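Take a look at the letters that make up each chain.
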Amino acid sequence: SVKRWEEREKAAVKVISEKDGVMRMHIPPTDPKVAEREWEEVRAKVDEIAGPALREAFRRQLTDGYSPTFLSTLGMGKLNILTAGFGTMDRFIEAKKQADGQWCYQVYDVMPDRRKGAPIDAAQFEKFAGGNGYDQQQSLSLEKNAEQLAHLPLPKEP
């Protein structure tokens, strides 16, 4: 499931801007039917592994969060955060080199209804990255999260 999600993101990622060692990217949401099928497959597997006694606890930890069916950010399961709601959210990413020489990726996931059809450009990126409307955010280091970020383009050195 995660490999399929990475392949979708890799195919869909668009660089919005790149200058002065800062790269801004956007990954649009996938087809809701594809995301729904993926989410259902993963939840079924989680239920099978966890069994009846642990099913709810595993769901909260792994799959709860935004999806075509479960329109909530409650739970914020780890797989939901990793995959931007199984691909149902717009994902805005900013990669820049830190003073210590490491690349840091700021990832902002935005529920689709927040964009309201606005074009994806630098102004739209600023709106969400500036804390004005993202639904989940994570900071990732290329050094510590290399495998998780390997499918994304690498910024050019400043």
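Criteria and cut-off values
- Residues numbered from 1 in each chain as written.
- Predicted model: local features only at pLDDT ≥ 70, side-chain atom pairs only at ≥ 80, totals over all residues.
- Heavy atoms only, no water.
- Helix = DSSP H or I, 4+ residues; strand = E, 2+ residues; numbered from the N terminus.
- Rg over C-alpha atoms; globule rule 2.2 N^0.38 Å.
- Buried < 20%, exposed > 50% of the residue type's maximum accessible area, 1.4 Å probe, protein only.
- Lys, Arg positive; Asp, Glu negative; His and termini not counted.
- Charge placed at Lys NZ, Arg CZ, Asp CG, Glu CD.
- Polar contact = N/O pair within 3.5 Å; in protein donor to acceptor, adjacent residues only side chain to side chain.
- Contact = heavy atoms within 4.5 Å.
- Axes fitted to C-alpha atoms, helices over the stretch in contact; angles between N-to-C directions.
- Parallel < 35°, antiparallel > 145°, perpendicular 65-115°, else oblique.
- Left-handed = near helix turned anticlockwise from the far one by under 90°.
- Nonpolar A, V, L, I, M, F, W, Y, C, P; charged D, E, K, R; others polar.

Another aspect to go through is the overall build of the protein chain. The helix and strand inventory of the protein chain stands at six helices and five strands. Secondary structure of the protein chain in N-to-C order comes out as α-β-β-α-α-α-β-β-α-β-α. Against the compact-globule benchmark of 15 Å for 158 residues, the protein chain has a radius of gyration of 16 Å, which places it among compact chains. Each principal axis of the C-alpha atoms in the protein chain carries an extent, and together these give about 50 × 35 × 25 Å. Among the 158 residues that make up the protein chain, the fraction classed as buried is 42%. Positive and negative side-chain charges in the protein chain, numbering 24 and 25 respectively, have mean positions lying 1 Å apart.

Relative to the helices and strands, threonine 83 is located in the loop between helix 3 (78-82) and helix 4 (84-87). Here leucine 79 takes part through its backbone oxygen, which lies 2.7 Å from a polar atom of the side chain of threonine 83. Those residues in contact with threonine 83, other than ones at most four positions away along the chain, are Trp5 and Arg91.

It is worth spelling out the packing of helix 1 (residues 2-12) against helix 2 (residues 32-62) at this point. Across the interface, helix 1 lies against helix 2 with an axial gap of 11 Å and an inter-helix angle of 160°. Comparing their axes, helix 2 and helix 1 come out roughly antiparallel. Seen from above, helix 1 lies across helix 2 with left-handed handedness. From helix 1, Arg4, Trp5 and Arg8 reach across to helix 2, where they touch Val34, Glu38 and Glu41. Its residues assigned to classes, the contact of helix 1 with helix 2 shows two nonpolar, no polar and four charged.

So, on to the environment of phenylalanine 128. Tracing the backbone shows phenylalanine 128 in helix 5 (residues 122-129). Taking the C-alpha atoms as reference points, phenylalanine 128 and alanine 11, separated by 117 residues in sequence, lie 23 Å from one another.

On to the side chain of aspartate 90, then. In this structure, aspartate 90 sits in strand 3 (residues 90-97). Taking the relative accessible area as the measure of exposure, aspartate 90 reaches 1% and is therefore buried. Looking at aspartate 90, its side chain comes within polar contact range of the side chain of histidine 26, at 2.6 Å. With residues up to four places along the chain from it excluded, the contact list for aspartate 90 reads His26, Ile27, Pro28, Pro29, Tyr108, Asp109, Val110, Pro112 and Arg115.

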